[in-house]
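Close look at the chain arrangement
Now for the letters of each chain:
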Amino acid sequence: MTYREQWLDGGEELAEAFAIRIEVFCDEQGYSPEMELDEQDKTSRHLLLWDGKTAVATGRLYWKDKETIGLGRIAVRKPWRGKGVGALAVAALAAEAKAMGARRAELDAQCRAVGFYEKAGFTVCGEEHMDGHVPHKLMQKNL
């Protein structure tokens, strides 16, 4: 299956990206909408992956320092999970981070997803910590 990438900057219409994030992080995982949608959305570069006319995955990029871009809020709608869509989203985010001039990408992975990100070339570089009610680990990849 072929998916179409769309890139949006913080000032653009992000309703589709927000809808996916609310569905995955709030409805499924119990995060509050106030915690999920934050000020960083305004300054981030956002990815949407489309399957035809349906937005199926999202993620965002933001500068952490002059060499490091953070990948975050990576979410795939339930019917598209297990089909490689998440891997496509992570690869697209990493490629865009490199194109933006980053030398390194970092993400804060839910502990249950560490293996998924290791397959994408990320390595754990931080201790386990809580983000809301879910344990996470900081992961990094050289670009």
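Everything here concerns the structure above.
Residues numbered from 1 in each chain as written. Predicted model: local features only at pLDDT ≥ 70, side-chain atom pairs only at ≥ 80, totals over all residues. Heavy atoms only, no water.

**Quick look at the state of the cysteines**
- Using the criterion set out here, one finds zero disulfides in the structure.
- Cysteine Cys-111 remains unbridged, with the sulfur of Cys-125 as its closest cysteine sulfur at 13 Å. (Disulfide = S-S within 2.5 Å.)

**Quick word on the pattern of salt bridges**
- Applying the stated criterion across every chain yields a total of 14 salt bridges.
- Of the charged contacts, one joins Arg-60 and Asp-38 as a salt bridge, the two residues approaching to 2.9 Å between their closest N and O atoms. Note that Arg-60 is positioned in strand 3 (residues 54-63) and Asp-38 in the loop between helix 2 (33-36) and strand 2 (45-51), a separation of 22 residues in sequence.
- Put simply, Arg-103 and Glu-67 hold a salt bridge, and the shortest N to O gap is 3.1 Å. On the criterion of sequence distance, the pair formed by Arg-103 in the loop between helix 3 (85-99) and strand 5 (104-110) and Glu-67 in the loop between strand 3 and strand 4 (68-76) is long-range, its members being 36 residues apart.
- Accessibility expressed as a relative area gives 53% for Arg-103, which makes it exposed.
- You can call Glu-67 partly exposed: its relative accessible area is 26%.
- Each of Arg-21, Glu-36, Asp-38, Asp-41, Arg-60 and Arg-73 takes part in a single network of salt bridges with overlapping partners. (Salt bridge = Lys/Arg side-chain N within 4 Å of Asp/Glu carboxyl O. Helix = DSSP H or I, 4+ residues; strand = E, 2+ residues; numbered from the N terminus. Buried < 20%, exposed > 50% of the residue type's maximum accessible area, 1.4 Å probe, protein only.)

**Brief notes about the pairing of strand 5**
- Among the seven residues that make up strand 5, six are buried, leaving the element largely enclosed by the rest of the structure.
- You can see the chain leave strand 4, run along helix 3 and come back into strand 5, and the turn it takes is right-handed.
- By the bridge criterion, seven bridges tie strand 5 to strand 8 (residues 134-142) in an arrangement that is antiparallel. When the sheet's bridge partners are listed, Asp-108 is paired in strand 8 with Leu-138. (Right-handed = clockwise from strand over helix to strand, strands pointing away. Pairing = 2+ DSSP bridges.)

**Digging into the packing of aromatic side chains**
- Tallied over the full model, the rule gives three aromatic pairs.
- For the pair Phe-25 and Tyr-31, a centre-to-centre distance of 6.5 Å together with 90° between the ring planes defines the contact as edge-to-face.
- Classification of Phe-25 as buried rests on a relative accessible area of 9%.
- On the basis of relative accessible area, Tyr-31 is assigned to the buried category, the value being 8%.
- Here Phe-116 and Tyr-117 contribute two aromatic rings whose centre-to-centre distance is 4.9 Å and whose plane-to-plane angle is 75°, an arrangement assigned as edge-to-face.
- Since its relative accessible area comes to 10%, Tyr-117 is described here as buried.
- Connected via pairs of aromatic rings, a cluster forms that spans Phe-116, Tyr-117 and Phe-122. (Phe/Tyr/Trp six-rings, centres within 6.5 Å; stacked < 30°, edge-to-face > 60°.)

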